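Read off the chains here:
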Amino acid sequence: MVMRRLFGRKKEEKKEEKGTEEAVEEAAEAAAEETAAEAAEGPVPEPESAAAEESSPLEVVNEPAAESRPESAAPEETIPYHDSLQKRLKYLLEESEISSTIRPEDEFTIEIMAMGERVWVRKRAHGPIEYGTGAISDKDVFIRVANDVVRELLDAPNFTEFSRTYMHYYRNADPGKFVKIELRRSIDELTPRGYARCPLLKLLVGEWR
């Protein structure tokens with residue numbers, strides 16, 4: 001009896017061991033099959049929201065708008081050739097863009113000594129612009145221009161260069177090159193007569209800025 005019981009126990013233990021080994025083998029085979037299936041299907045995609053968070057920041061940075069570039073300024077009007085200062089002044093007063101700054105009610109009288117000759121420019125209120133030679137009475141200003149400066153003024157290609165040359169020799173006069181201005185009226189008197197509005201008149205009396 002004792003021997004049968006012992007023998008029976010050994011058989012049961014062997015059955016249990018065999019059953020355990022079979023369970024372990026089955027679990028291993030199942031895990032291997034699951035791993036193979038996952039490998040065949042490929043990686044599981046992450047949720048779109050998570051991918052978006054990783055690939056791009058939450059805040060959208062707006063690019064600054066392109067700066068508007070100012071339109072290029074139109075080229076300055078070229079002054080044609082003149083053989084005398086009086087003819088150049090006439091062109092600037094009547095044919096250039098400066099003429100639009102002169103009003104019918106403006107009045108001015110300017111006498112200039114240039115190249116050994118006195119010339120004048122005059123406009124009465126509501127009258128035309130007049131030109132002449134010699135001295136003139138009741139002038140607003142008397143201007144003397146050295147011969148070499150006259151030549152440079154006639155060579156100026158535009159009004160900007162004309163103004164720069166005129167003011168340079170007015171501010172930096174020397175015995176050979178100068179522009180001398182003698183006002184016969186105060187600036188306050190000249191302002192309502194059109195000198196403050198017309199660039200050429202303003203230049204001639206030395207008030208150019």
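Before reading on, note that the structure itself is shown above.
Rules and cut-offs
Residues numbered from 1 in each chain as written. Predicted model: local features only at pLDDT ≥ 70, side-chain atom pairs only at ≥ 80, totals over all residues. Heavy atoms only, no water. Helix = DSSP H or I, 4+ residues; strand = E, 2+ residues; numbered from the N terminus. Buried < 20%, exposed > 50% of the residue type's maximum accessible area, 1.4 Å probe, protein only. Contact = heavy atoms within 4.5 Å. Core = buried A, V, L, I, M, F, W, Y, C linked by side-chain atoms within 4.5 Å. Pairing = 2+ DSSP bridges.

Caption draft 1: Highlighting the environment of Gly 134. With respect to the helices and strands, Gly 134 occurs in the loop between strand 3 (129–133) and strand 4 (141–145). Accessibility expressed as a relative area gives 27% for Gly 134, which makes it partly exposed. When the C-alpha atoms of Gly 134 and Glu 117 are compared, they prove to be 7.3 Å apart, with 17 residues separating the residues in sequence. Ignoring sequence-local partners within four residues, the contact set of Gly 134 consists of Glu 111, Arg 118, Val 119 and Trp 120.

Caption draft 2: Local environment of the nonpolar core. Counting residues in each nonpolar core, the largest one holds 40 residues, and the members touching the most others are Phe 162 and Leu 200. At the level of secondary structure, the elements contributing two or more residues to this core comprise helix 3 (85–94), strand 1 (108–114), strand 2 (117–123), strand 4, helix 4 (147–155), helix 5 (159–171), strand 5 (179–183) and helix 7 (199–204). Apart from residues lying up to four places away in sequence, Phe 162 is in contact with Leu 85, Arg 88, Leu 89, Leu 92, Leu 153, Ala 156, Leu 200 and Leu 203.

Caption draft 3: Region of the structure containing the environment of Asn 147. As for its placement among the helices and strands, Asn 147 is situated in helix 4. Between the alpha carbons of Asn 147 and Met 115 there is a distance of 5.2 Å; along the sequence they are 32 residues apart. Contacts of Asn 147, omitting those with residues within four sequence positions, involve Met 115 and Gly 116.

Caption draft 4: Geometry of the pairing of strand 4. For strand 4, a buried count of four out of five residues is recorded, marking the element as mostly surrounded by other parts of the structure. Two elements, strand 1 and strand 4, share five bridges in a ladder whose sense is parallel. By the bridge assignment, Glu 111 is partnered in strand 4 with Phe 142. Relative to strand 5, strand 4 runs antiparallel, the two being bridged by five bridges. Looking at the pairing, Arg 144 lines up with Lys 180 of strand 5.

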